[in-house]
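The residues making up each chain are set out below.
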Amino acid sequence: MNMISFPPRRARGKVHVPTVTLAHGGGGKAMKDLIDDVFVEAFDNPLLAPLDDQARIDLLDLAQYGDRLAFTTDSFVVDPLVFPGGDIGKLAVCGTVNDLAVGGALPLYLSCAVIIEEGVSIDLLRQIARSMAATAQEAGVKIVTGDTKVVNKGACDRMFITTTGIGVVAAGVELGAHRARLGDAVLVNGLLGDHGAAILGARGDMALQSPIESDCAPLQGVIASLLSEAPNTRFMRDPTRGGVATVLNEIAEAAQIAIEIDEAVTPLRNEVRGFCEILGLDPLYLANEGKIVAIVPPDEADQAVEAMRGHPLGRQAAIIGHVVAGEPGRVTMRTIFGGRRIVDMLVGEQLPRIC
Amino acid sequence: MKYVDEFRDRAKADVLVKEIERLLAHMGRDQDRPLQIMEVCGGHTHTIFRYGVEGMLPKSIELVHGPGCPVCVLPMGRVDDCVAIAERPEVIFTTFGDAMRVPGSRTSLLQAKADGCDVRMVYSPMDALALARKNPTREVVFFGIGFETTMPSTALTVLQAAREGIKNFSIFCNHITIVPTIKAILDSPDLRLDGFLGPGHVSMVIGDAPYEFIARYYKKPMVIAGFEPLDILQSLWMLLKQIDEGRCEIENQYARVAPPAGNAVALQAVAQVYELREFFEWRGLGSIDHSGVKVREAYAGFDAERRFAVPNARIADPSSCQCGEVLKGVIKPWQCKVFGRACTPETPLGALMVSSEGACAAYYQYGGIKRGSDEAEASAA
């Protein structure tokens, strides 16, 4: 029998072109290859593997962690896509994990929807998918379902990612701004404003070089430490866009309480202070991606600080202020100079001053 | 942070506040007859609110927040002109950040950007010039705004562009000068001020001499002040000492940055590129003679006003707006009829609500905790 030798077939499920094209969003083989080679390859887990239209999660499995489902979603459009201390992928996982964790939930599963502008390099996409996978692993969550769309040039800025997450809140954990009381302590788990300063610096239009890295990190671990030592913690929020000032205003408004913080003990990196001095910005309004603001009853405040400091993401935890008697909804600051001022909501984006 | 933290030292602040209290008591000043001191510069206003300086002072001294916020005093007609230039498809319109939100009669630059104009925020006019080099097929216009502090940097940028023969760069000149404005305030019939904190960064360029007339003819003392909170307190103390000792001089507290003779190179560049306008319109203060500069004929190619047709309309301030009286210290921000009601930082009616350096915006956002809120609440009650 004559053996006819065929050239070996190309391996299935591999992307062989350098950039994403509209073909990768067309629903055919190119799209399947992109999903297989970039996303499934990185996220690899049994719930995702069947690549069905949905991930199916066992309710009994969820119920072992608590008695309520926490459910959240967030979109990420950061520019630049890769910045000191992280990238859009890491951010997309941390953002949603942290939104679950500050509600007292154990984050468990994420979805990942990516909108890609044609022309983005496959290598970059791969780098970001791997970064998502690594961060998910660090956060103890699985990315179990997703979606990919490719749009025409100009229809989006290279890449947008939306992640949706579910987690489970343990029985007995009750957090809410309304639980804040006079005398409660206001805590943060570390240095403020790093993410905002890192992003502004990385955009490169300031002609300022800075060694500041984003604080982007999944917070479920440090939050678990906090809740175990300060079980009566009233409320937590992650001060992302708008920074600590905005979050404190939201808490003061929601709970109809007054909050006073002390500038002298507010943890700030010297580089961030310098960055803000030069550009005329207020670090209290800079975004954070690895920080929590927690309201803790006074008798648990010290142990809460100790608990956070015992975790790598809380080494510089500090009590920055208290719930005080005063006009409800108002946040004030005792300045390092000894004066007092109001810390208000930002009207719009923080704009640098002329001189 | 070196050279910064030293000027925010709380212990030194306490000493100065005590000295200020002692001097005020010695002068027989009290809450009913407070001494009124104007800080001319918006940068000072910002520091005063940022560090809560006003709340540390006794009630026998009142700070009046002056007109030295270039963003605030920009008239609506000029913002309309900016937008008209920015709307041209060939134009990349570049501006400092806080000028983005200033409302014109139609819209702001921020809104114009959202509507599709190519408006970009820059940190220096040199960045705008770099954009012009990079985009030879576009017209790059820089929004020149500010007092003598920022005037030299735009002048030097124009000179640099001229040297390089760059044809697609121009500035829309809205630079203003501080001295005629202080004079206009001193000439106003309802003036109550007892002295001035002088704008340190303006003096860094122009020196001390241009202020001599304030002491000589108007018999008001001035201390040229720096921008850290201790600078403000020390300058106030120096001013009070002058008043207490019956002296009336121009003193310089900010000598570490502002030399008495100013900066000759900067002044030379300014003189080469600019000449005085006959008058310039100020938001809240009206038209003031010789209070603005324009690009000289020799540099006409770099003058956006000559190169692009602009509406150049004079838009009157809203009649309900009392910015002028606030600027002159006749009323306090919260005594204005529209403060916090029709006029807020989101929808500013008047100049002083526009930038965080404006007195009204500063009160609204940082709050005059000691006086502002107490008295505002008292007057509302």
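Numbering of residues starts from 1 in each chain and follows the order in which that chain's sequence is written. Starting at A for chains and at 1 for ligands, labels are handed out in the order in which the entities are written. Local features are withheld for residues below a pLDDT of 70 in this predicted model, meaning they are given only at 70 or higher, and side-chain atom pairs are given and counted only at 80 or more; totals for whole chains, interfaces and linings count all residues.

## Concerning the overall build of chain B
A tally of regular secondary structure across chain B gives 16 helices and 13 strands. Radius of gyration here uses only the C-alpha atoms, and the compact-globule reference equals 2.2 Å multiplied by the residue count raised to the power 0.38. Relative to a compact globule of 381 residues, whose C-alpha radius of gyration would be 21 Å, chain B shows 21 Å and is just as compact. For chain B, the C-alpha atoms occupy an extent of roughly 65 × 50 × 45 Å along the three principal directions. Across the 381 residues in chain B, those meeting the buried criterion constitute 54%. Sequence-distant contacts in chain B: of pairs separated by 6 or more residues, those separated by 24 or more amount to 76%. Each helix corresponds to a stretch of at least 4 residues labelled H or I by DSSP, and each strand to a stretch of at least 2 residues labelled E; elements are numbered beginning at the N terminus. In this scheme the burial state of a residue depends on its C-beta neighbours within 10 Å: 20 or more other such atoms mean buried, 12 or fewer mean exposed, and anything in between means partly exposed; the C-beta positions come from the backbone. Any pair of residues counts as being in contact when their C-beta atoms, constructed from backbone geometry, are within 7 Å of one another.

## Focus on the overall build of chain A
Helices and strands together make up the secondary structure of chain A, namely nine helices and 13 strands. Relative to the 2.2 N^0.38 estimate, which gives 20 Å for 355 residues, the radius of gyration of chain A is 23 Å and therefore close to what a compact globule would have. Its C-alpha atoms put chain A at 95 × 55 × 30 Å along the principal axes. In chain A, buried positions account for 49% of the 355 residues.

## Overview of the packing of helix α1 (residues 10-26) of chain B against helix α11 (residues 229-244) of chain B
Residues and elements named next belong to chain B. Two elements in contact, α1 and α11, have axes whose closest approach is 10 Å; the angle formed by their N-to-C orientations is 25°. Taken together, the axes of α1 and α11 are roughly parallel relative to one another. As α1 runs across α11, the sense of the crossing is left-handed. Only Pro 229, Leu 230, Leu 233, Gln 234, Leu 236, Trp 237, Leu 240, Lys 241 and Asp 244 of α11 make contact with α1, whose side of the interface consists of Lys 12, Ala 13, Leu 16, Val 17, Glu 19, Ile 20, Leu 23, Leu 24 and His 26. Among the residues forming the contact of α1 with α11, the class breakdown is 12 nonpolar, two polar and four charged. To obtain each axis, a line is fitted to C-alpha atoms, and for helices this fit is confined to the stretch in contact; angles are then taken between N-to-C directions over 0 to 180 degrees. For classification, angles of less than 35 degrees are called roughly parallel, those exceeding 145 degrees roughly antiparallel, those between 65 and 115 degrees roughly perpendicular, and all remaining angles oblique. Put simply, a crossing is left-handed when the front helix is turned counterclockwise from the back one by less than a right angle, and right-handed when it is turned clockwise. For this classification, Asp, Glu, Lys and Arg are treated as charged, while Ala, Val, Leu, Ile, Met, Phe, Trp, Tyr, Cys and Pro are nonpolar and the rest, including Gly, are polar.

## What about the environment of B:Tyr364?
All names here are of chain B. Mapping Tyr 364 onto the fold places it in helix α15 (residues 359-366). Note on Tyr 364: 26 C-beta atoms within 10 Å, which makes it buried. Expressed as a C-alpha distance, the spacing of Tyr 364 and Cys 343, which sit 21 residues apart in the sequence, is 10.0 Å. Those residues in contact with Tyr 364, other than ones at most four positions away along the chain, are Gly 340, Thr 344, Pro 345 and Met 353.

## Structural notes on the sheet that holds strand β3 (residues 91-95) of chain B
Either a parallel or an antiparallel arrangement is found when strands of a sheet pair, and the pairing is made through backbone hydrogen bonds. Residues and elements named next belong to chain B. Ordered in space as β4-β3-β5-β6, the four strands form an open sheet in which the pairing is parallel. Edge strands, defined here as strands with exactly one partner in the open sheet, are β4 (119-121) and β6 (169-175). Taken pair by pair, the neighbouring strands of this sheet meet at an average axis angle of 25°, ignoring direction. Two strands qualify as a pair provided DSSP detects at least 2 bridges between them. Across four bridges, β3 lies against strand β5 (residues 139-146) in parallel orientation. Within β5, the residue paired with Thr 94 across the bridge is Phe 142. Sheet strands in contact with helix α4 (residues 76-86) are β3, β4, β5 and β6, and its direction is about 140° off that of β3. Contacts from helix α6 (residues 125-134) reach β3, β5 and β6, with the element oriented near 175° to β5.

## With respect to the interface of chain B and chain A
Every contact between the two is made by 36 residues of chain B and, on the other side, 23 residues of chain A. Looking at the side of chain B that touches chain A, the elements with two or more residues in it are α1, α2 (42-50), α3 (53-56), β5 and α15 of chain B.

## Focus on the confidence of the model for chain B
All names here are of chain B. pLDDT gives the predictor's per-residue confidence on a scale running from 0 to 100. Per-residue confidence for chain B averages 90 on the pLDDT scale, and 96% of its residues sit at or above 70. Long-range and interchain partners of residues 368-381, a stretch whose pLDDT sits below 50, account for 18 contacts in this model, where long-range means more than four residues apart. This prediction of the complex comes with two scores: 0.88 for pTM and 0.84 for ipTM.

## Some words on helix α12 (residues 264-273) of chain B
Residues and elements named next belong to chain B. Every buried residue of α12 is accounted for by Ala 269, Val 270 and Val 273. Down the axis, α12 shows its buried residues gathered within 100° of arc, on one side only. Structural note: α12 exposes Ala 264 and Ala 271 on the side pointing more than 90 degrees away from its buried face. In the core, the buried residues of α12 are packed alongside α7 (151-164), β10 (274-276) and β13 (293-295). Working definition: the arc comes from the directions between the helix axis and the C-beta atoms, pointing outward to the latter.

## Some words on the pairing of strand β8 (residues 222-225) of chain B
Residue and element names in this part refer to chain B. Burial along β8 is two-sided: the face carrying Met 222 and Ile 224 and the face carrying Val 223 and Ala 225 are both buried. When strand β7 (residues 195-199) meets β8, the two strands line up parallel, connected through four bridges. Residue pairing for β8: Pro 199 is matched across the bridge by Ala 225. Two elements, β8 and strand β9 (residues 250-252), share three bridges in a ladder whose sense is parallel. The partner of Met 222 across the bridge, within β9, is Ile 250. Handedness of a crossover: with both strands directed away from the viewer, a clockwise path from the first strand across the helix to the second marks it as right-handed. Regarding topology, α11 serves as the crossover connection from β8 to the parallel β9, and that connection is left-handed.

## Regarding the pairing of strand β10 (residues 293-296) of chain A
Residue and element names in this part refer to chain A. Residue alternation in β10 divides its side chains into two sets, Val 293 and Ile 295 and Ala 294 and Val 296, and both sets are buried. Of the strand pairs in this sheet, strand β7 (residues 185-188) and β10 are connected by four bridges, and their pairing is antiparallel. Its bridge partner being in β10, Leu 187 is matched across the sheet by Ala 294. Pairing between strand β8 (residues 235-237) and β10: three bridges, direction antiparallel.

## Re the environment of A:Leu279
Residues and elements named next belong to chain A. With respect to the helices and strands, the residue Leu 279 is situated in helix α8 (residues 270-279). The exposure class assigned to Leu 279 is partly exposed, which follows from the 17 C-beta atoms found within 10 Å. Considered as a pair, Leu 279 and Pro 107 are 172 residues apart in the sequence and their alpha carbons are 37 Å apart.

## Digging into unusual backbone geometry
Between A:Asp79 and the following residue, A:Pro80, the backbone shows a cis peptide bond with an omega angle of 5°. Structurally, A:Pro80 is set in the loop between β1 (68-76) and β2 (82-83).

## Looking at the nonpolar core
A general feature of soluble globular proteins is that nonpolar side chains tend to end up buried together. Nonpolar cores are built from buried Ala, Val, Leu, Ile, Met, Phe, Trp, Tyr and Cys residues. These are joined into a set through C-beta atoms within 7 Å. With 119 residues, the main nonpolar core has B:Ile37, B:Cys82, B:Ala86, B:Phe93, B:Leu109, B:Leu352 and B:Cys360 as its most contacted residues. One finds A:Ala136, A:Ala217, A:Met236 and A:Met333 within the second-largest nonpolar core, a separate group that totals 106 residues.

## Here's the deal with the sheet that holds strand β12 (residues 331-334) of chain A
All names here are of chain A. Read from one edge to the other, the open sheet built from seven strands follows the order β8-β10-β7-β11-β9-β12-β13, with strand pairing classed as mixed. The open sheet has two edge strands with one neighbour each: β8 and β13 (340-342). Ignoring strand direction, the axes of neighbouring strands in this sheet form an average angle of 25°. Contacts between helix α9 (residues 298-309) and the sheet are confined to β7, β10 and β11 (318-324), with β7 contributing the most and set at about 15° to the helix.

## Examining α11(B)
All names here are of chain B. In this analysis, the expected span of each helix is defined as 1.5 Å times one less than the number of residues it contains. Its 16 residues place the ends of α11 22 Å apart at the C-alpha level, agreeing with the 22 Å of an ideal helix rising 1.5 Å per residue. Along α11, 12 of the 16 residues are buried, which leaves the element largely enclosed by surrounding structure. For α11, every residue scored as buried is listed here: Pro 229, Leu 230, Asp 231, Ile 232, Leu 233, Gln 234, Ser 235, Leu 236, Met 238, Leu 239, Leu 240 and Gln 242. A positive phi of about 70° marks Gly 246, the residue just after α11.

## Here's the deal with the packing of helix α1 (residues 29-43) of chain A against helix α4 (residues 122-139) of chain A
Think of two packed helices as two axes; the pair is described by the angle between the axes and how far apart they sit. Residue and element names in this part refer to chain A. The contact between α1 and α4 brings their axes to 8 Å, and the two run at 15°. Comparing their axes, α4 and α1 come out roughly parallel. Between α1 and α4 lies a crossing whose hand is right-handed. For the pair α1 and α4, contact is made by Val 38, Phe 39, Ala 42 and Phe 43 and by Leu 125, Arg 126, Ala 129, Arg 130, Met 132 and Ala 133, respectively. When its residues are assigned to classes, the contact of α1 with α4 shows eight nonpolar, no polar and two charged.

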